[in-house]
Amino acid sequence: SDFSYAEPNVQYSVTSCCAERKAYFSDARLAKIVFDTWLEVLPKKGYRVLALCVMPDHVHVVMISEEGCIELGDAVGAAKSLSCARAGWGAIRWQGKSRDHVVRSNEDIDNQIRYAINNPVRAELADHWEKWPWTFVYPEFR
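Residues numbered from 1 in each chain as written. Predicted model: local features only at pLDDT ≥ 70, side-chain atom pairs only at ≥ 80, totals over all residues. Heavy atoms only, no water.

How do you make sense of the overall build of the chain when you look at a structure like this?
In terms of helices and strands, the chain carries four helices and five strands. Taking 14 Å as the expected radius of gyration for a compact globule of 142 residues, we find that the chain reaches 14 Å, a close match to that expectation. When its C-alpha atoms are laid out on the principal axes, the chain stretches across 40 × 35 × 25 Å. Across the chain, every contact between residues at least 6 apart in sequence was considered, and the portion connecting residues at least 24 apart equals 69%. When the accessible surface of the chain is totalled, it reaches about 7500 Å², and 49% of it is carbon and sulfur. For the chain, the distance from the average site of its 17 positive side-chain charges to the average site of its 19 negative ones is 6 Å. (Helix = DSSP H or I, 4+ residues; strand = E, 2+ residues; numbered from the N terminus. Rg over C-alpha atoms; globule rule 2.2 N^0.38 Å. Contact = heavy atoms within 4.5 Å. Areas by Shrake-Rupley, 256 points an atom, 1.4 Å probe, with all protein chains shown as cover. Lys, Arg positive; Asp, Glu negative; His and termini not counted. Charge placed at Lys NZ, Arg CZ, Asp CG, Glu CD.)

In structure tokens:
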């Protein structure tokens, strides 16, 4: 296809799962490492994070590419790989591929953000998204 994954102003929803859906991030230390690392790395790679939610066995991120961004898969790969390095050898294993979805309209982006941040509520891990410690939403969304 002629679609470029390194264009500015493209909105993405990405889900990255742990290998074998193992619940590595039930461990608060590992969840915090992933949460902090992704929020640090993605902007450095040219992506503004709109929402991030670290679940026990996967991560949801909704973001928008900015001028000078690197390829989407490389940015997510960098976040995954630095998380692993910071967690310690073998502490986290990721599935090879992440699922990504190009978000086409502004109406849809709000739905994607709501879906990501309400994951812990649907999984009955929290009764409100704001009570889940590993959720970030850009301030203007609230």
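I tried to follow the layout of surface pockets on my own but got confused; where do I start?
The gaps of empty space that remain are located by a probe, the size of a water molecule, rolled over the atoms. Approximately 210 Å³ is the volume found for the largest pocket. Along its surface, the largest pocket is lined by Tyr5, Val14, Glu71, Leu72, Gly73, Val76, Gly77, Lys80, Gly96, Lys97, Ser98 and Asp100. Tallying contributions element by element places helix H2 (residues 72–87) first for the lining of the largest pocket, with five residues. A per-class count over the lining of the largest pocket returns four nonpolar, four polar and four charged. (1 Å grid on protein atoms, 1.4 Å probe; cavity = no way out; pocket = protein on both sides within 12 Å on 5 of 7 lines; lining within 4 Å. Points joined across faces, edges and corners; volume = space filled by probe spheres on them. Nonpolar A, V, L, I, M, F, W, Y, C, P; charged D, E, K, R; others polar.)

It is not clear to me how unusual backbone geometry should be interpreted in this structure. Could you clarify?
In most cases, non-glycine residues show a negative phi, while peptide bonds are predominantly trans. Non-glycine residue Glu20 carries a positive phi angle of around 55°. Backbone geometry places Arg21, a non-glycine residue, at a positive phi of 55°. Tracing the chain through its elements places Arg21 in the loop between strand E1 (11–17) and helix H1 (28–44).

What am I meant to see in the sheet that holds strand E2 (residues 47–54) here?
Whether parallel or antiparallel, the strands of a sheet pair through hydrogen bonds between backbone atoms. Spatial ordering of the open sheet is given by E4-E1-E3-E2-E5, a layout of five strands whose pairing is antiparallel. The open sheet has two edge strands with one neighbour each: strand E4 (99–103) and strand E5 (135–137). Between one strand axis and the next, the sheet turns through 20° on average, direction left out of account. Examined bridge by bridge, E1 and E4 share five bridges and lie antiparallel to one another. Counterpart to Tyr12 in the pairing with E4 is Val102. Sheet strands touched by H1: E1, E2, strand E3 (58–65) and E5. Its angle to E2, the strand with the most contacts, is close to 170°. Running over the sheet, H2 touches E1, E2, E3 and E4 and is turned about 40° from E1. (Pairing = 2+ DSSP bridges. Axes fitted to C-alpha atoms, helices over the stretch in contact; angles between N-to-C directions.)

Where do I start with the nonpolar core in this structure?
Taken as a class, soluble globular proteins show a tendency for nonpolar side chains to be buried jointly. Counting 35 residues, the largest nonpolar core has Phe25, Trp38 and Leu42 as the members making the most contacts within it. Counting residues per element, the ones that place at least two in this core are E1, H1, E2, E3 and H2. In terms of residues, this core owes the most to one element, H1, which gives eight residues. Apart from residues lying up to four places away in sequence, Leu42 is in contact with Tyr47, Val49, Val61, Met63, Ala75, Val76 and Ala79. (Core = buried A, V, L, I, M, F, W, Y, C linked by side-chain atoms within 4.5 Å. Buried < 20%, exposed > 50% of the residue type's maximum accessible area, 1.4 Å probe, protein only.)

Would you take a moment to explain the packing of aromatic side chains for this structure?
Both the distance between ring centres and the angle between the ring planes are used here to describe each pair of aromatic rings. One pass over the full model with this rule turns up four aromatic pairs. Through a chain of ring-to-ring contacts, the aromatic side chains of Phe25, Trp38 and Trp94 assemble into a single cluster. The cationic tip of Arg48 hangs over the ring face of Tyr138; the distance from NZ or CZ to the ring centre is 5.5 Å. Residue placement shows Arg122 over the ring face of Tyr115; its charged tip is 4.1 Å from the ring centre. (Phe/Tyr/Trp six-rings, centres within 6.5 Å; stacked < 30°, edge-to-face > 60°. Lys NZ or Arg CZ within 6 Å of the ring centre and 35° of its normal.)

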